[in-house]
Amino acid sequence: MSVVAMLCGIHFWKIVNDFWNCHSKLIKAVELFPGPRTIPLLGNALEFATNPKNAINVMAKFGMEYSTYRLWIGSKLFIIITNPKDIEIVMESPKTSKKAFFYKFMEPVVINSMINGHGPKMRANRKIQEPLINGKCLPFFMETFNKQVRRYINDLNSKLNQEEFDISDESEYCVADMLFETVIGIPGVGQDNGDLTIPHALETALDILFQRIVTPWLHPTFIFNLSKCGREFNAALELGKDRLQQIINEKKQLYMALARGDPGVEEPKPSILDLLIQNVLETNAMNDQEIISDMIAIIVGFYDAVLGIFSFTILMLAIHPDMQDKVREEVAFVIGADDDVVITNIGKLNYTRMAIQETIRLFPVGPFLSREITDDLQIDKYILPKGSTVAMLPLVTHKSPKYWHEPDKFYPERFLPKNSKNRHPFAYVPFSGGSRSCPGSKFGMSCLHVMVAHFIRKYQVMTTMSLEDIKLRTHISVRSLNGYKVSIKNINQL
Ligand code: HEM
């Protein structure tokens, strides 16, 4: 214990030293930036570390006040920006293509992945994977989405005409099954045996990651590793890593057996991981560590986004029955009473798409997008100094009355071309932008269309919640703190 106390003491001294000596340049550079009052050494950390789940709400509150401002989390300087023209400069600049310092916290399990890496190797790996996610196998992935969603919709019959239930809790297994089959290429049987170990472990890791970001005394790795949350975080990532390594080994064996023409070996259905392994067996372009890192990035990106957006969309349609009817009419017209949703339908489901877009406007999956400033960058009257972290807050920009009429209302029609034409393109950044934009946007939106279409075609959804009731819980992503309570009736009983 005394050794730990001594190490903490040494580290504390180092923080003090860093703060006063190494960061004097940064302190000077942001003298003119507005921002909340700081306290010595901790800066603004106490505002966030005491309640990390509310941290982005607090940042958003300051964002309403200042639009551009600075925050100090210990010795780390954050510049928060919310104006679309500034967001455009930051997203498009090569000086900000590196993710913020805290993405390093995902190491040593997730190294130089699409989510936390940078540089030529990361870009080359991303270039291999993007066409696998959104390319010619997408129609095939749609079959899996339809199959799993049909299963889920049938199981929801047990909730018919009953009390309210949480739509997110009910949808977890279906989302995990779609993920397992299309991303990792293992049978999606969560709806049969209820195993959510891997997605839950990764969700826990995200929660802890965010807690660490806003808690400066957890930044040093050796202190973090000694803490309870550090041990939990490492265990969660290790679990995902070990399972993925095992799956990769099995798949490599299988594809080598296929190449040799071994008898009785069947070609598996394609998944993103299967396609990637076939590619690297031929090209040797990525090693196992890189594949695992990117698979974790994709699993987190898929599970968190699809589950969160679907749950919010159904809740929004429950709160707004007129809009729910419009989605239902469109689905009936474009897809019919019982057909699968195929890729060519997606472009015709305009109102459904606008309902999903409007949901993501109000509840952005990436409420806090951050990058490292690798060289001084001018935005408006300010210079973002090299060595600071810039954070964009879609949660604020998406609700600014400067760009959105009645921003707190759910109004899908605001995405009609005639209502969008004068809007700054970076006033809406659901998938981030520039070189670090989401590589899974088409894949994810296709999946969401399938889920919403099947659900609304079968059920009338109601809720006692109102838009004003929803309190947000934020980590890297956004969730409803008070859940997504809905009840359902069979559409044919109406
Ligand atoms: C349709 C709903 C989705 C939305 C709204 C969404 C949104 C986002 C946003 C805002 C980011 C940027 C995060 C940041 O800059 O910190 C991001 C990154 C990412 N997303 Fe998505 N995402 C969605 C679906 C998906 C899916 C289905 C996948 C996987 C197939 C995925 C994989 C990723 C990955 C790997 C990154 C990291 C990319 C990078 O930082 O360069 N996303 N996503």
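Just so we're clear, the structure is a prediction, and the values are computed from it rather than from any experiment.

> For the packing of aromatic side chains, give the residues involved together with the corresponding values.
Enumeration over the complete set of coordinates arrives at 22 aromatic pairs. Grouped by ring-pair contacts, the aromatic residues Phe78, Phe101, Phe102, Tyr103, Phe105, Phe210 and Phe368 constitute a single cluster. Just above the ring of tyrosine 103 sits the side chain of lysine 99; from NZ or CZ to the centre is 4.4 Å. In this structure, arginine 423 packs its charged tip against the face of phenylalanine 415, placed 5.5 Å from the ring centre.

> Talk me through helix 10 (residues 197–213); I want residue IDs and the actual numbers.
With 17 residues, helix 10 should reach 24 Å at 1.5 Å per residue; the first-to-last C-alpha distance of 24 Å fits that figure. Where burial is concerned, most of helix 10 is hidden: 12 out of the 17 residues are buried.

> Any details on the state of the cysteines? Residues and values, ideally.
Summed over all chains, the structure comprises 0 disulfides. With no disulfide of its own, cysteine 137 has cysteine 447 as its nearest cysteine by sulfur position, at a separation of 16 Å. For cysteine 137, a relative accessible area of 13% translates into the label buried.

> Residues and numbers for the sheet that holds strand 1 (residues 68–73), please.
Spatially, 5 strands are ordered 1-2-8-5-3 in an open sheet, and the strand pairing comes out mixed. Of all the strands in the sheet, just strand 1 and strand 3 (98–99) have a single pairing partner and so form its edges. Across 4 bridges, strand 2 (residues 76–81) lies against strand 8 (residues 389–392) in parallel orientation. Bridged to isoleucine 81 within strand 8 is methionine 392.

> Give me the coordination of the iron atom of the ligand: which residues, what numbers.
There is one protein donor for the iron atom of the ligand, and it is Cys438 (SG), at 2.3 Å. Looking at the secondary structure, you find cysteine 438 in the loop between helix 19 (417–420) and helix 20 (441–458).

> Give me the lowdown on the nonpolar core, citing residues and values where you can.
Core analysis: the largest hydrophobic core is formed by 139 residues, its most contacted members being Val183, Phe302, Phe455 and Ile470. When near neighbours in sequence (up to four residues on either side) are disregarded, phenylalanine 302 contacts Phe145, Val175, Met178, Leu179, Thr182, Val183, Leu307, Phe443 and Cys447. With 20 residues, the next largest nonpolar core counts Val30, Ile87, Val90 and Phe426 among its residues.

> Let's hear about the pattern of salt bridges: which residues, and what values?
Tallied over the full model, the rule gives 20 salt bridges. One salt bridge in this structure joins glutamate 107 and lysine 104, with 3.3 Å as the shortest N-O distance. Taking relative accessible area as the criterion, glutamate 107 reaches 29% and is therefore assigned partly exposed. With relative accessibility at 52%, the residue lysine 104 sits in the exposed group. In this structure, aspartate 207 and arginine 473 form a salt bridge, with 3.3 Å as the shortest nitrogen-oxygen distance.

> Pulling in residues and values, what's your account of the pairing of strand 5 (residues 369–372)?
Across the two faces of strand 5 the burial is the same, with Leu369 and Arg371 and Ser370 and Glu372 all buried. Pairing of strand 5 with strand 8 involves 4 bridges; the strand directions are antiparallel. Residue pairing for strand 8: serine 370 is matched across the bridge by alanine 391.

> Please provide a residue-by-residue account of the site of the ligand, values included.
Close to the ligand lie 26 residues, the nearest being Lys99, Tyr103, Arg126, Arg436 and Cys438. At 2.9 Å from an oxygen atom of the ligand is found a side-chain nitrogen or oxygen belonging to arginine 126. The side chain of arginine 371 places a nitrogen or oxygen atom 3.3 Å from an oxygen atom of the ligand. Of all the secondary-structure elements, those providing two or more residues to the shell around the ligand are helix 6 (119–134), helix 14 (288–319), strand 5 and helix 20. At 6 residues, helix 14 tops the list of elements feeding residues into the shell around the ligand. Residues belonging to the shell around the ligand are distributed by class as follows: 18 nonpolar, 4 polar and 4 charged.

> Could you give an account of the sheet that holds strand 9 (residues 459–462), with specific residues and numbers?
Taken together, 3 strands build an open sheet; the order of strands is 4-12-9 and the sheet is antiparallel. Single-partner strands in this sheet number two, and they are strand 4 (165–166) and strand 9. Looking at chain direction, strand 9 and strand 12 (residues 485–490) are connected through 4 bridges and run antiparallel. Across the sheet, the residue bridging to methionine 462 is serine 487, located in strand 12.

> Explain the side chain of histidine 398 to me, and be specific about the residues and the numbers.
Mapping histidine 398 onto the fold places it in the loop between helix 18 (394–397) and helix 19. Look at histidine 398 and you get buried, because its relative accessible area is 0%. Discounting chain neighbours no more than four positions away, the residues touching histidine 398 are Ile360, Arg361, Pro364, Trp404, Ala427, Tyr428, Val429 and Pro430.

> Any chance you could break down the environment of threonine 352 for me, citing the residues and the numbers?
By secondary structure assignment, the location of threonine 352 is in helix 17 (residues 350–362). Taking the C-alpha atoms as reference points, threonine 352 and serine 168, separated by 184 residues in sequence, lie 19 Å from one another. Threonine 352 has contacts with Val327, Glu330, Val331, His449 and Val452, leaving out every residue within four places of it along the chain.

> Break down the packing of helix 14 against helix 20 for me, citing the residues and quoting the values.
Angle between the axes and distance between the axes: these two values describe a pair of packed helices. In the contact formed by helix 14 and helix 20, the axes pass within 10 Å of each other and the chain directions differ by 35 degrees. As for the relative orientation of helix 14 and helix 20, their crossing is right-handed in sense. Residues Phe302, Val306, Ile309, Phe310, Thr313, Ile314 and Leu317 of helix 14 lie in contact with helix 20, whose contacting residues are Phe443, Gly444, Cys447, Leu448, Met451, Val452, Phe455 and Ile456. Here the residues of the contact of helix 14 with helix 20 sort into 13 nonpolar, 2 polar and no charged.

> Requested: an account of the UniProt feature "transmembrane region" (unreviewed entry) in the protein, with residues and values cited.
The UniProt record marks residues 295–319 with the feature "transmembrane region" (unreviewed entry), using the residue numbering of this structure. Between the C-alpha atoms that bound residues 295–319 the distance is 36 Å, and the span itself is 100% helix and 0% strand.

> Got a sec to walk through unusual backbone geometry? Specific residues and values, please.
Backbone geometry places leucine 41, a non-glycine residue, at a positive phi of 70 degrees. If you trace the backbone, leucine 41 turns up in the loop between helix 2 (24–29) and helix 3 (45–49). Unlike most non-glycine residues, serine 67 shows phi in positive territory, near 60 degrees.

Parameters at a glance
Think of each chain on its own: its residues are numbered from 1, step by step along the sequence as written. Only residues with pLDDT of at least 70 are given local features in this predicted model, and only at 80 or more are side-chain atom pairs given and counted; all residues enter the totals for whole chains, interfaces and linings. Hydrogens and waters are ignored; side-chain quantities use all the structure's heavy atoms. Centres within 6.5 Å make a pair out of two Phe, Tyr or Trp rings, where for Trp the six-membered ring is used; the pair is then stacked when the planes are under 30 degrees apart, edge-to-face when over 60, and tilted otherwise. As a reminder, the over-ring test applies to NZ of lysine and CZ of arginine, requiring each to be within 6 Å of the ring centre and within 35 degrees of the ring normal. Strands here mean DSSP runs of E at least two residues long; helices mean DSSP runs of H or I at least four residues long; both are numbered from the N terminus. A helix is expected to span 1.5 Å for every residue after the first. Relative accessibility thresholds used throughout: buried, under 20% of the residue-type maximum; exposed, over 50%; partly exposed, between the two (1.4 Å probe, protein chains only). Counting rule for disulfides: a pair of cysteine sulfur atoms within 2.5 Å. Pairing between two strands requires that DSSP report at least two bridges joining them. For Na, K and Ca the donor cut-off is 3.2 Å, and for all other metals it is 2.8 Å, counting N, O and S atoms only; because water is absent from this set, sites may look incomplete. Here, nonpolar core refers to any group of buried Ala, Val, Leu, Ile, Met, Phe, Trp, Tyr and Cys residues whose side-chain atoms link them within 4.5 Å. Contacts were defined at the residue level, with two residues in contact if any of their heavy atoms lie within 4.5 Å. What makes a salt bridge here is a side-chain nitrogen of Lys or Arg within 4 Å of a carboxyl oxygen of Asp or Glu, nothing more. Being near a molecule or strand, for a residue, means having at least one of its heavy atoms within 4 Å of it. Polar contacts, as counted here, are pairs of nitrogen or oxygen atoms within 3.5 Å of one another; within protein the pair requires one atom able to donate a hydrogen and one able to accept it, and residues that are adjacent in sequence qualify only if both atoms are side-chain atoms. Put simply, Ala, Val, Leu, Ile, Met, Phe, Trp, Tyr, Cys and Pro go in the nonpolar bin, Asp, Glu, Lys and Arg in the charged bin, and everything else, Gly too, in the polar bin. An axis is simply a line fitted to the C-alpha atoms; with a helix, the fit covers only the stretch in contact. Between two such axes, the angle follows the N-to-C directions and lies from 0 to 180 degrees. Each helix crossing is assigned a hand: it is left-handed if the near helix lies turned anticlockwise from the far helix by less than a right angle, otherwise right-handed if that turn is clockwise. UniProt positions are given in the numbering used here, feature names are shortened, and annotations may be inferred rather than shown by experiment.

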